[in-house]
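# Breakdown of the fold
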Amino acid sequence: MKRLSISDDVIKLGVFVAMAEVSNVDARVSQQALDDMIKNVEEKYRSQDPEYLKNDSVVRAYRDFYWRIGIDPTKTRPSGEALRRRLARGNRFPRINIVVDIGNIVSVETLVPIGLYDREKVMGDLHLVMSKGSEEFLGLGKKTEKLDKGIPILVDDEGKVLHIYPHRDSILTSITPDVKNVIIVGAGVPNIDENLVKYAVDRVADLLEKICKGKREYDTVVIK
């Protein structure tokens, strides 16, 4: 079991997280297990005008937070909004692997950004802190970046940057079909209902248990 702490300067931003862990998942289950669920998601959101999203209260809250930390959300959209817009344009749901797909399904449904991490790749516990400006981040595109000062980031006890909160994950702890134990983190920001973020994490954990035969380690906790 991992612990997650949030530094005082990040708490001042109004940030909170929901967290759970699911062990012994089978990430090599056929992705066909999700076909009906993904088909329903595609059909539900394909007919919606994506412009309505800018007035959705959940999207608005994440966009406002993006502006606050220096990210233009009209160029780099919150993950749930980006996925909804993709479907509204008639594109197919992106398939990665069954664990990541489950996280993306729930993000589409709830609009809550969800981080999934391979627990075996996390050294020690997790800490949500403000960057000092000397950290390096290895994103999913395998390009190393030096971070600016004052960005909320998720690090482990070794100081590895696992996530730029609440929108970019590192390849260092990314989910592959070899994963066995999964950490689920739902990203909360000001004006987002804690119960919504907790529900999103619960939903991911439930699907990992049902479809990937995993076992939840503990009830979802909210940390703030």
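See the structure above.
Residue numbering note: each chain is counted from 1, following its sequence as written. Reporting of local features is limited, given that this is a predicted model, to residues whose pLDDT is at least 70; pairs of side-chain atoms are given and counted only at 80 or more, and all residues count toward the totals for whole chains, interfaces and linings. Where side-chain values are given, they derive from all heavy atoms of the structure, hydrogens and water being excluded.

### Thoughts on the overall build of the protein
- From N to C terminus, the protein includes 6 helices and 12 strands.
- What the globule rule says is 2.2 Å times the number of residues to the power 0.38, and the radius of gyration is computed from C-alpha atoms. Computed over its C-alpha atoms, the radius of gyration of the protein comes to 17 Å, within 12% of the 17 Å expected for a compact globule of 224 residues.
- Each principal axis of the C-alpha distribution contributes one length, and for the protein these read about 45 × 40 × 35 Å.
- When the 224 residues of the protein are sorted by exposure, 51% land in the buried category.
- For the protein, contacts bridging at least 24 residues in sequence account for 74% of all contacts bridging at least 6.
- About 10600 Å² of surface is accessible on the protein, with carbon and sulfur atoms providing 46% of the total.
- Charged-residue counts in this description rest on Lys and Arg as positive and Asp and Glu as negative, His and the chain ends being excluded. Where a charge lies is defined by one atom per residue type: Lys uses NZ, Arg uses CZ, Asp uses CG and Glu uses CD. Of the side chains in the protein, 36 bear a positive and 35 a negative charge, and the two mean positions are spaced by 3 Å. Think of it this way: any DSSP run of H or I at least four residues long counts as a helix, any run of E at least two long counts as a strand, and we number them from the N terminus. Note on exposure labels: buried denotes an accessible area under 20% of the residue type's maximum, exposed denotes more than 50%, and partly exposed covers the range between, all computed with a 1.4 Å probe on protein chains only. The contact criterion used is simple: two residues touch if any of their non-hydrogen atoms lie within 4.5 Å. Where accessible areas are quoted, they stem from the Shrake-Rupley method and a 1.4 Å probe; at the residue level, only the protein chains shown are allowed to cover.

### Thoughts on the packing of aromatic side chains
- Aromatic rings from Phe, Tyr and Trp, taking only the six-membered ring of Trp, are treated as a pair when their centres fall within 6.5 Å; an angle between ring planes under 30 degrees marks them as stacked, one over 60 as edge-to-face, and anything in between as tilted. In total, this model carries 1 aromatic pair according to the counting rule given.
- Pairing Phe65 with Tyr165 gives two aromatic rings, centres 6.3 Å apart and planes at 85 degrees, and the pair type is edge-to-face. On the criterion of sequence distance, the pair formed by Phe65 in helix 3 (residues 57–68) and Tyr165 in the loop between strand 8 (161–164) and strand 9 (168–169) is long-range, its members being 100 residues apart. For the pair formed by Phe65 and Tyr165, the shared burial category is buried.

### Considering the sheet that holds strand 7 (residues 152–156)
- Taken together, the 5 strands give an open sheet; going across it, the order is 1-4-7-8-9, and neighbouring strands pair in mixed fashion. For this open sheet the edge positions go to strand 1 (4–6) and strand 9, each flanked by a neighbour on one side alone.
- At least two bridges found by DSSP between two strands are what make those strands a pair. The pairing of strand 4 (residues 126–130) with strand 7 spans 5 bridges and is classified as antiparallel. Bridge pairing in strand 7 links His127 to Val155.

### Concerning the pattern of salt bridges
- Each salt bridge in this description consists of a side-chain nitrogen of Lys or Arg and a carboxyl oxygen of Asp or Glu lying within 4 Å of one another. Inspection of the entire model under this criterion finds 21 salt bridges.
- The shortest N-O distance in the salt bridge between Asp206 and Arg216 comes to 2.6 Å. Of the two residues, Asp206 sits in helix 6 (residues 194–212) while Arg216 sits in strand 11 (residues 215–216), which places them 10 residues apart along the sequence.
- Among the residues examined, Asp206 registers a relative accessible area of 40% and is labelled partly exposed.

### Quick word on the environment of Ile69
- Residue position: Ile69 is located in the loop between helix 3 and helix 4 (79–88).
- Judged by its relative accessible area of 19%, Ile69 falls in the buried class.
- Taking the C-alpha atoms as reference, Ile69 lies 9.5 Å from Tyr165; in sequence the two are 96 residues apart.
- Setting aside residues no more than four positions away along its own chain, Ile69 makes contact with Leu13, Pro152, Tyr165 and Pro166.

### A word on the nonpolar core
- Put simply, a nonpolar core is a bunch of buried Ala, Val, Leu, Ile, Met, Phe, Trp, Tyr and Cys residues held in one set by side-chain atoms that sit within 4.5 Å of each other. Judged by nonpolar contacts, the single largest core of 67 residues is most densely connected at Leu4, Val99, Ile102, Val182, Ile184 and Leu208.
- Leaving out residues up to four positions away in the same chain, Ile102 has contacts with Leu34, Val204, Leu207, Leu208, Ile211 and Cys212.
- By size, the runner-up hydrophobic cluster in this structure holds 7 residues, among which are Phe137, Ile151, Ile153 and Val161.

So far we have only geometry, and geometry alone does not tell us how the molecule works.
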